[in-house]
Amino acid sequence: MTFTPHGNHLIGGAWISSHDQFQSAPTHGEAHRFSVGTVDLVDQAVDLAEAAFGTFSSSSRQSRADLLIAIAEEIDLRGDDITAIGSAETGLPEARLQGERGRTTGQLRLFAQHIVDGDYLDRRHDEALPDRQPIPRPELYMLQRPIGPVAVFGASNFPLAFSVSGGDTAAALAAGCPVVVKGHSAHPGTSEIVAEAIHAAINRCDVDPGIFSLIQGGRRDVGTALVQHPLIKAVGFTGSLAGGRALFDLCAARPEPIPFFGELGSVNPMFLLPNALAERASDIAKGWAASLTMGAGQFCTNPGLAIVVAGTDADAFCDAATQALREVGPQAMLTDGIASAYRGGAQAVANAKNVDELVRTEADPRYASPNLFSTTAKEFLANDVLGEEVFGPLGLVVHVSGIAEMLTCARHLQGQLTCTLHMSKADSSIASDLMPILERKAGRILANGFPTGVEVSDTMVHGGPYPASTNFGATSVGTLSIRRFLRPVCYQNIPSDILPEDLTA
Ligand code: NAP
């Protein structure tokens with residue numbers, strides 16, 4: 001690795017150190033020292049973002065597309081160093097980080113194309129009807145406009161695709177909104193090198209450097225000051241239910257409340273319908289074990305819950321899942337805290353009444369190995385703990401007595417990012433009964449696959465009713481996510497020479 005972090009924040013184009021320092025905690029390799037974020041730096045970064053907003057928000061879409069492409073190119077230039085420090089800091093395998101880098105640069109390029117195409121502006125026009133009776137109609141235009149500086153919280157589990165230059169940042173910059181990122185303290189060196197790439201792209205494209213700042217983590221009051229800053233107009237967040245809810249409440253309690261786009265917890269239930277289970281219980285179990293343990297289960301789309309009709313096919317499914325999960329060894333987790341939360345979550349499930357342990361493992365402090373439990377629908381419906389996300393490679397099989405109880409379990413679910421149907425053609429009628437329930441529960445419904453691996457595209461919805469997200473009308477992945485940072489404005493009888501260029505360009 002040739003990259004050695006200097007440990008500074010990037011505040012509107014200037015690398016700035018602060019007095020207090022914290023040390024990174026990599027899974028391997030050297031630890032480095034980083035400046036701790038401060039409330040004063042939040043004020044400086046947001047003021048610079050607001051100052052840059054006027055020019056940036058009215059810049060041409062082509063110039064912002066050029067910037068997004070330049071960021072992708074600068075990230076690619078630093079590819080090997082990003083992989084090396086990212087893997088050391090998070091414990092994620094190098095191949096995973098290479099793939100995540102491709103996704104990150106791919107989404108920057110996708111947004112570049114999306115804004116050049118311009119459909120996201122949703123331009124509308126009502127012609128003036130001066131002779132209309134009883135009253136004339138004025139000339140009306142409508143256009144989506146950027147909302148102002150956006151705060152982004154880097155996520156621990158996607159150090160590239162949901163962090164400094166991840167989907168939230170890409171969508172906000174594409175919309176014309178400056179961004180202030182609060183870096184996650186689990187991967188400060190990765191944050192720094194990606195911020196370097198953004199900084200280089202801003203210089204190359206001659207854009208106001210106030211449009212981007214990175215404040216390193218280390219202190220809670222940085223996050224609270226950021227969401228409470230009066231000039232911040234929206235927040236993008238991926239993380240825990242507790243942290244997200246606390247920040248959401250702060251946004252709602254501001255004198256001027258602002259939208260908080262939080263992507264929080266989800267157990268991503270799978271419904272195994274009887275004919276599919278009879279035909280391929282073992283294959284589904286093996287696929288489930290692979291999806292559940294990928295990346296040590298640290299995916300928001302991890303399918304933690306399988307709902308099956310009790311019987312011999314369900315038993316065959318449990319046996320095959322048990323066997324497949326026993327073959328998976330310990331994997332490093334993102335932080336000691338996340339590993340410890342996983343152990344606590346597994347213990348809470350193990351302690352619940354009428355829960356059987358199918359696979360129960362222990363691992364070294366920073367590591368996780370799979371756990372598998374089973375229970376009845378009656379217990380699942382009676383105990384809320386069994387429906388809560390345990391972040392890591394933990395699965396729970398819920399045995400229902402029949403289809404009526406499967407529908408009851410579906411109705412009982414909290415909001416989810418995804419719900420999955422494993423079905424064959426002969427299961428269509430049961431699947432049709434489930435669909436209207438699942439549409440009210442999840443942002444994405446899939447059949448005969450696994451929800452890990454989220455396509456970045458025009459149709460993707462990565463969101464869902466609370467607690468999957470704090471705003472069920474939005475997505476944090478795909479081109480639709482740009483809508484979070486736009487607001488419709490109507491222009492009535494405004495002379496054409498002062499209308500926004502985007503109305504005609
Ligand atoms: P987190 O604890 O929610 O932290 C995410 C970010 O929010 C960090 O920058 C954190 O700052 C900040 N934050 C959290 N609570 C805050 C508060 N009350 N006030 C101000 N700032 C606050 O998430 P995490 O560190 O990534 O992981 C912890 C747990 O979150 C995991 O064990 C897992 O359960 C869950 N998680 C879920 C997902 C998902 O996609 N569903 C993804 C990642 C994590 P500090 O660093 O200063 O604390």
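For the structure given in this document, a descriptive report is provided here. Counting of residues starts from 1 at the beginning of each chain's written sequence and follows it residue by residue. Local features in a predicted model are, by the rule used here, given only for residues with pLDDT of at least 70; side-chain atom pairs are given and counted only at 80 or more, and totals for whole chains, interfaces and linings are based on all residues. Side-chain measures were taken over the full set of non-hydrogen atoms in the model, leaving aside hydrogen atoms and water.

## With respect to helix α1 (residues 39-57)
The way it works is that DSSP assigns letters per residue, a run of H or I at least four long becomes a helix, a run of E at least two long becomes a strand, and they are numbered from the N terminus. One less than the number of residues in a helix, times 1.5 Å, gives the span that helix is expected to have. If you check α1, its first and last C-alpha atoms are 26 Å apart, about what 19 residues at 1.5 Å a residue would give, namely 27 Å. Consider a residue and the seven residues that end there alongside the seven that start there; fitting an axis to each set, the bend is the angle between those axes. Along its length, α1 reaches its greatest deviation from straightness, about 30°, at A51. Taken as a whole, α1 has its buried residues at L41, V42, A45, V46, A49, A52, F53, F56 and S57. Buried, partly exposed and exposed residues are distinguished by accessible area as a fraction of the type maximum, computed with a 1.4 Å probe on protein chains only: under 20%, between the cut-offs, and over 50%, respectively.

## Comments concerning the packing of α1 against helix α7 (residues 220-228)
It is at 9 Å that the axes of α1 and α7 come closest, and there the two elements cross at 35°. When the axes of α1 and α7 are compared, the crossing they make is right-handed. For the pair α1 and α7, contact is made by V39, V42 and V46 and by D221, V222, A225 and L226, respectively. A class-by-class count of the residues in the contact of α1 with α7 yields six nonpolar, no polar and one charged. The angle between two axes is taken between their N-to-C directions and runs from 0 to 180 degrees, where each axis is a line fitted to C-alpha atoms and a helix contributes only its stretch in contact. Less than a right angle of anticlockwise turn of the near helix away from the far helix marks a crossing as left-handed, whereas a clockwise turn marks it as right-handed. Here, residues are in contact when the closest pair of their heavy atoms is within 4.5 Å. Throughout this entry, Asp, Glu, Lys and Arg are counted as charged residues, while Ala, Val, Leu, Ile, Met, Phe, Trp, Tyr, Cys and Pro are counted as nonpolar. The remaining residues, Gly among them, count as polar.

## Quick look at the packing of helix α2 (residues 61-77) against helix α5 (residues 167-175)
Contact pair α2 / α5: the axes reach a minimum separation of 9 Å and the direction vectors enclose 155°. Looking at the two axes, α2 sits roughly antiparallel to α5. At the point where α2 passes α5, the crossing takes the right-handed sense. Listed contacts from α5 to R64, L68 and I71 of α2 are A170, L173, A174 and A175. For the contact of α2 with α5, the class distribution of residues is six nonpolar, no polar and one charged. An angle below 35 degrees is read as roughly parallel, one above 145 as roughly antiparallel, one from 65 to 115 as roughly perpendicular, and any other as oblique.

## Side note on the nonpolar core
Residues belong to one nonpolar core when they are buried, are Ala, Val, Leu, Ile, Met, Phe, Trp, Tyr or Cys, and are joined through side-chain atoms within 4.5 Å. With 95 residues, the main nonpolar core has I211, F212, F271, V398, L434 and F485 as its most contacted residues. Domain extents, as shown, originate in an automatic or database domain assignment. Mapped onto the domain boundaries, this core takes at least three residues apiece from domain 1 (10-16 + 33-264 + 469-503) and domain 2 (270-447). Excluding its chain neighbours within four sequence positions, the residues that come into contact with F485 are R145, P146, I147, V150, D168, A171, A172, A175, C177, A234 and F261.

## A closer look at unusual backbone geometry
Residue Q133 is joined to P134 through a cis peptide bond whose omega torsion reads 5°. Mapped onto the fold, P134 is located in the loop between β5 (124-126) and β6 (140-146). P467 follows Y466 through a cis peptide bond whose omega is 10°. With respect to the helices and strands, P467 occurs in the loop between β20 (442-447) and β21 (486-492). The phi dihedral of N268 falls on the positive side, at around 50°, and the residue is not glycine. Along the chain, the position of N268 falls in the loop between β11 (260-263) and β12 (270-272). The exposure class of N268 is buried, given its relative accessible area of 0%.

## Thoughts on the site of the ligand
Among the 23 residues in the neighbourhood of the ligand, the closest are listed as S156, K182, R220, S240 and L264. The separation between an oxygen atom of the ligand and a polar side-chain atom of H184 is 2.8 Å. Two N or O atoms count as a polar contact when they lie within 3.5 Å, although within protein this holds only if one can serve as hydrogen donor and the other as acceptor, and sequence-adjacent residues are included solely when both atoms are side-chain atoms. With respect to the ligand, the side chain of E389 contributes an N or O atom lying 3.4 Å from a nitrogen atom. Every accessible area reported is derived by Shrake-Rupley at a probe size of 1.4 Å, with residue values counting cover from the shown protein chains alone. A total of 870 Å² of accessible area belongs to the ligand in isolation, and the protein chains cover 85% of it. Looking at the shell around the ligand, the elements that each hand over two or more residues are α7, β10 (234-238), α8 (241-253) and α11 (336-351). The greatest single-element share of the shell around the ligand, amounting to three residues, is contributed by α8. For the shell around the ligand, the class distribution of residues is nine nonpolar, ten polar and four charged. Per-domain counts for the shell around the ligand show at least three residues from each of domain 1 (10-16 + 33-264 + 469-503) and domain 2 (270-447). Only a single heavy atom is needed: when it lies within 4 Å of a molecule or strand, its residue is near that molecule or strand.

## Notes on the packing of aromatic side chains
Aromatic contacts are taken between Phe, Tyr and Trp rings whose centres are within 6.5 Å, Trp giving its six-membered ring; a plane angle under 30 degrees counts as stacked, one over 60 as edge-to-face, and the others as tilted. In the structure shown here, the tally under the stated rule is eight aromatic pairs. Ring centres of F153 and F237 lie 5.7 Å apart, and the angle between their planes is 65°; this geometry places the pair in the edge-to-face category. With F153 in strand β7 (residues 150-153) and F237 in strand β10, the pair connects residues that are 84 residues apart, well separated along the chain. Assessed through its relative accessible area of 7%, F153 is described here as buried.

## Focus on the sheet that holds strand β17 (residues 371-376)
Two strands qualify as a pair provided DSSP detects at least 2 bridges between them. The strand order across the open sheet formed by seven strands is β15-β17-β18-β13-β12-β19-β20, and the pairing between neighbours is mixed. What marks the edges here is a single partner per strand, and that holds for β15 (356-359) and β20. Geometrically, the sheet is characterised by an average inter-axis angle of 20° between neighbouring strands, direction not taken into account. Both strand β13 (residues 305-309) and strand β18 (residues 394-400) contribute to a ladder of five bridges, which runs parallel. Looking at β18, one finds that V308 is bridged to H399. Sitting on the sheet, helix α9 (residues 274-293) touches β12, β13, β17, β18 and β19 (416-422), and the angle it makes with β18 is about 160°.

## Some words on the pattern of salt bridges
The salt bridge criterion pairs a side-chain nitrogen of Lys or Arg with a carboxyl oxygen of Asp or Glu, the two atoms within 4 Å. Inspection of every chain in the model, using the stated rule, returns 15 salt bridges. A salt bridge links E196 to R78, with the shortest nitrogen-to-oxygen separation between them at 4.0 Å. Here R78 lies in the loop between α2 and α3 (79-90) and E196 lies in helix α6 (residues 188-205), a separation of 118 residues in the sequence. Here the salt bridges share partners, and the residues they tie into one network are E73, E74, R78, E196 and R204.

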